Amino acid sequence: MSSVKTPEFGKFRSFFWPIHRFECKKFIPLLILYAFICFNYSLLKAVKDALVITAVGSGAEAIPFIKVWAILPMALLVTYLFTRLFNRYTQEKVFYIMIGSFLAFFLLFATVLYPLRDILHPHVTADKLENFLPTGFHGLVSIFRNWSYTLFYVMAELWGTTIMTVLFWSFANEVTTVKDAKRFYGILSVGANIAAICSGYIAILLSGEFLDFSFLFGKDRWGQCLGLATTMVIIMGVCSIALFRWYHVKILDKDPALQKIQKRNQAQRKTVKMGMRKNFSYLAKSKYLICIAILVIGFNLAINMVEIIWKDQIKLLLPDPVHFNAYMGKVLVATGIISTFVGLFLCGNIIRRLGWTVSALITPIALLVTGIFFFIFLLYKDHSSLVTLTAALGMTPLALGVFFGTMQNVFSRSCKYTLFDATKEIAFIPLGSESKLKGKAAIDGVGSRLGKSGGSIVHTGLLMIFGTITLSAPYVGLLLLLVIGGWIAAAQSLGKQFDHLTSQNEKIDIVEDPTEPLIEDPTKQGAIV
């Protein structure tokens, strides 16, 4: 008589909470920690855009110059420091050092740099440069003019790369198996999306007129909004440090299985000296890692090429920083709500039932479809049929253009925060500890930044040629099609490799001698598959 396999969870629970009771003590603190980190990321995302784009003598054209001339060098520097710290300290200490450094800067900005902005910003020199340089260099001059805002933008952007992407997910991947990740990571994305909704409402609340903290910040409404937002970031950061410490003391140190995994990975890290050059040489030796890198670079290239044009339209519609920040808060709320729905009802179930490849292809296809609609309206908004449509809807062409851009951004990022992040992190798990650490540091630490900077390089080049973002938009749309095509091809190739590894219960690692086989005995690697 053949036995019938009992389902692991009931139908309702498999959708909403596929977590065993004994796993809650391990998973729930991890969920809360990720939510704290993502709350800061989302709140900083809204504030940094409003701060830079609406600043004196600035606009959306400043963003590509910041990403090329400021964020990319800083990302390389932070990755270098990250690898050096990992060579010397435990993962726990690295977390405290990195997050503490970010919080110290935000405290310095709120208490010193912003209050003294009129003294510190070289407006007279910037005016002279603007009169001397061509129009296409306006964005470059603006990041020099408002250098403290530029620095805030850089640190806010690197929070997402360093703290959220590299530090948290490196830790999560060490204590999670492939099987558990298919259940855990979808719910982690839900926690992140709920945090994004909360941060969006906070941004809207701080931009309202019914909060009066003039006794602290004076009559500057935007200064009040910025000060309160920075205070919230610091509080959540301190809570993250406290929770991370509690997790190590109460969970990891008292769980023999997790303690064994952590000690093994730390021992392997001590024998592997990380370095940026060696990390990138690892990528060159592995088709698997190269495919992951293409996914990360492809997403960041695509989303940033479109986003700069969209934010330029928002600046034209909402030039006041308080209103701009409030609008970005609404975008965060919409993104969080849709992402929560996808994370609860679709993400985990799509990964489990349709497989890794189908799940990974949803994000580029969503970005392609929504991007096509946005560019069609942007390029043909003066066409008679579209003019008639805007009149019927009671909106201006500019307002409707911002609406379509918002829809593109919301749906693309909703897919990114759920399916893209989950499938990308699951793809790292079949790697050996050395390859996982080096590959992730290179891909998430610099690869994502190269993608964002690549999109900015495209914009800076086009701005120098055409002078404005609007005139360069058609060429950006053409490049978007090419980038997404390469992204889709890489996802299909990676899916075949991932399915082979997981079906054969194998662990992949990169060896120093390129003539040796890449697939090694999983028992030698201490594999968790």
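*Asks:* When you look at the overall build of the protein chain in this model, what are you seeing that I'm missing?
*Replies:* Each helix and strand in the protein chain was counted, giving 20 helices and two strands. By the burial criterion, 57% of the 529 residues in the protein chain qualify as buried. When contacts within the protein chain are restricted to residue pairs at least 6 apart in sequence, those whose partners lie at least 24 apart make up 82%. Accessible surface, the protein chain: about 22,000 Å² in total, of which carbon and sulfur atoms supply 68%.

*Asks:* What am I meant to see in the packing of aromatic side chains here?
*Replies:* For any pair of aromatic rings, geometry is given as the distance between the ring centres together with the angle between the planes. Following the criterion strictly, the structure yields 26 aromatic pairs and no others. The interplanar angle of 80° and the centroid separation of 6.2 Å between the aromatic rings of Phe95 and Tyr96 together place this pair among those described as edge-to-face. For Phe95, a relative accessible area of 2% puts it in the buried group. Judged by centre distance (5.7 Å) and plane angle (70°), the ring pair of Phe403 and Phe404 falls under edge-to-face. With relative accessibility at 38%, the residue Phe403 sits in the partly exposed group. In this structure an aromatic cluster arises from ring pairing among Phe105, Phe106, Phe109, Tyr114, Tyr149 and Phe152. Just above the ring of Tyr114 sits the side chain of Arg117; from NZ or CZ to the centre is 4.1 Å.

*Asks:* I keep staring at the side chain of Asn325 and nothing clicks. Help me out?
*Replies:* Considering the arrangement of structural elements, one finds Asn325 in helix α15 (residues 321–379). Of the residues examined, Asn325 reaches a relative accessible area of 0% and is grouped as buried. In this structure Asn325 touches Ala46, Val47, Ala50, Ala203, Ser207, Trp222 and Cys225, once residues within four positions along its chain are discounted.

*Asks:* Honestly, a nonpolar patch on the surface in this entry has me stumped. Any pointers?
*Replies:* Taken together, Leu108, Val112, Leu116, Ile119, Leu120, Trp147 and Leu151 make up a surface patch of nonpolar side chains, about 570 Å² in accessible area. On the secondary structure map, Val112 appears in helix α4 (residues 91–113).

*Asks:* Explanation requested: the environment of Gln497 in the structure shown.
*Replies:* Among the secondary structure elements, Gln497 is positioned in helix α19 (residues 469–503). For Gln497, a relative accessible area of 18% translates into the label buried. Residues Gln497 and Ala427, 70 residues apart in the sequence, show an inter-C-alpha distance of 9.6 Å. Excluding residues that lie within four positions of it along the chain, Gln497 makes contacts with Lys287, Tyr288 and Cys291. A distance of 3.4 Å separates a polar atom in the side chain of Gln497 from the backbone nitrogen of Tyr288.

*Asks:* Please clarify how the side chain of Asn300 should be interpreted in this entry.
*Replies:* With respect to the helices, strands and loops of the structure, Asn300 is situated in helix α14 (residues 287–317). Here Val296 takes part through its backbone oxygen, which lies 2.7 Å from a polar atom of the side chain of Asn300. In this view, Asn300 contacts Ser448, Gly451 and Lys452; residues no more than four positions away in its chain are not counted.

*Asks:* Before we go on, may I ask you to explain the environment of Tyr89 in this structure?
*Replies:* Turning to its location among the elements, Tyr89 is positioned in the loop between α3 (62–88) and α4. Of the residues examined, Tyr89 reaches a relative accessible area of 34% and is grouped as partly exposed. The residues touching Tyr89, leaving out its near neighbours within four places in the chain, are Val94 and Ile97.

*Asks:* What am I meant to see in the confidence of the model for the protein chain here?
*Replies:* Where the model shows low pLDDT, its predicted coordinates should not be examined in detail. Per-residue confidence for the protein chain gives a mean pLDDT of 82; residues scoring 70 or more make up 84%. Confidence over residues 1–5 falls short of pLDDT 50; this stretch has zero contacts with residues more than four positions distant or in other chains. Within the model, pLDDT remains below 50 along residues 510–529, and this stretch shows 44 contacts once partners closer than five positions in the same chain are excluded.

*Asks:* What should I look at first to understand the nonpolar core in this one?
*Replies:* Here is a general trend for soluble globular proteins: nonpolar side chains tend to be buried in one another's company. Among the nonpolar cores identified, the biggest contains 141 residues, and Phe106, Phe109, Phe152, Trp159, Phe168, Tyr185 and Trp222 are the most heavily contacted of them. Not counting chain neighbours up to four residues away, the residues in contact with Trp159 comprise Ile37, Asn40, Tyr41, Leu44, Ile99, Phe102, Leu103, Phe106 and Met164.

*Asks:* Would you mind showing me how to read helix α2 (residues 24–53) here?
*Replies:* The periodicity of an α-helix, 3.6 residues per turn, causes residues three or four places apart in sequence to face the same way. Over its 30 residues, α2 extends 43 Å from the first C-alpha to the last, a length consistent with the 44 Å expected when each residue adds 1.5 Å. Of all the 30 residues making up α2, 25 are buried; the element is thus mostly covered by neighbouring parts of the structure.

*Asks:* What's the story with the environment of Val458 in this structure? I'm lost.
*Replies:* Structurally, Val458 is set in helix α18 (residues 433–466). Remark: the alpha-carbon pair of Val458 and Val476, spanning 18 residues in sequence, is separated by 7.7 Å. Contacts of Val458, omitting those with residues within four sequence positions, involve Met305 and Leu479.

*Asks:* Got a minute to help me understand the packing of α2 against α15 in this structure?
*Replies:* Packing of α2 against α15 leaves a shortest axis separation of 9 Å and a crossing angle of 150°. Our classification of the angle between α2 and α15 gives roughly antiparallel. Between α2 and α15 the crossing geometry is right-handed. Contact residues: Ser42, Lys45, Ala46, Val47, Asp49, Ala50 and Ile53 in α2; Pro321, Phe324, Asn325, Met328 and Leu332 in α15.

*Asks:* How should I be thinking about the pattern of salt bridges in this particular structure?
*Replies:* Oppositely charged side chains may form a pair once their charged atoms are brought near each other. Scanning the model with the defined rule gives 13 salt bridges in all. A salt bridge links Lys48 to Asp49; the nearest nitrogen and oxygen atoms lie 3.6 Å apart. Two residues, Lys311 and Asp49, come together in a salt bridge whose shortest N-O distance is 2.8 Å. Of this pair, Lys311 sits in helix α14 while Asp49 sits in helix α2, placing them 262 residues apart in sequence.

Here is what the cut-offs are and how they apply
- Residues numbered from 1 in each chain as written.
- Predicted model: local features only at pLDDT ≥ 70, side-chain atom pairs only at ≥ 80, totals over all residues.
- Heavy atoms only, no water.
- Helix = DSSP H or I, 4+ residues; strand = E, 2+ residues; numbered from the N terminus.
- Buried < 20%, exposed > 50% of the residue type's maximum accessible area, 1.4 Å probe, protein only.
- Contact = heavy atoms within 4.5 Å.
- Areas by Shrake-Rupley, 256 points an atom, 1.4 Å probe, with all protein chains shown as cover.
- Phe/Tyr/Trp six-rings, centres within 6.5 Å; stacked < 30°, edge-to-face > 60°.
- Lys NZ or Arg CZ within 6 Å of the ring centre and 35° of its normal.
- Patch = residues over 30% accessible without salt bridge, like charges linked within 9 Å, V, L, I, M, F, W, Y side chains within 5 Å.
- Salt bridge = Lys/Arg side-chain N within 4 Å of Asp/Glu carboxyl O.
- Polar contact = N/O pair within 3.5 Å; in protein donor to acceptor, adjacent residues only side chain to side chain.
- pLDDT = per-residue confidence, 0-100.
- Core = buried A, V, L, I, M, F, W, Y, C linked by side-chain atoms within 4.5 Å.
- Expected span 1.5 Å × (residues − 1).
- Axes fitted to C-alpha atoms, helices over the stretch in contact; angles between N-to-C directions.
- Parallel < 35°, antiparallel > 145°, perpendicular 65-115°, else oblique.
- Left-handed = near helix turned anticlockwise from the far one by under 90°.

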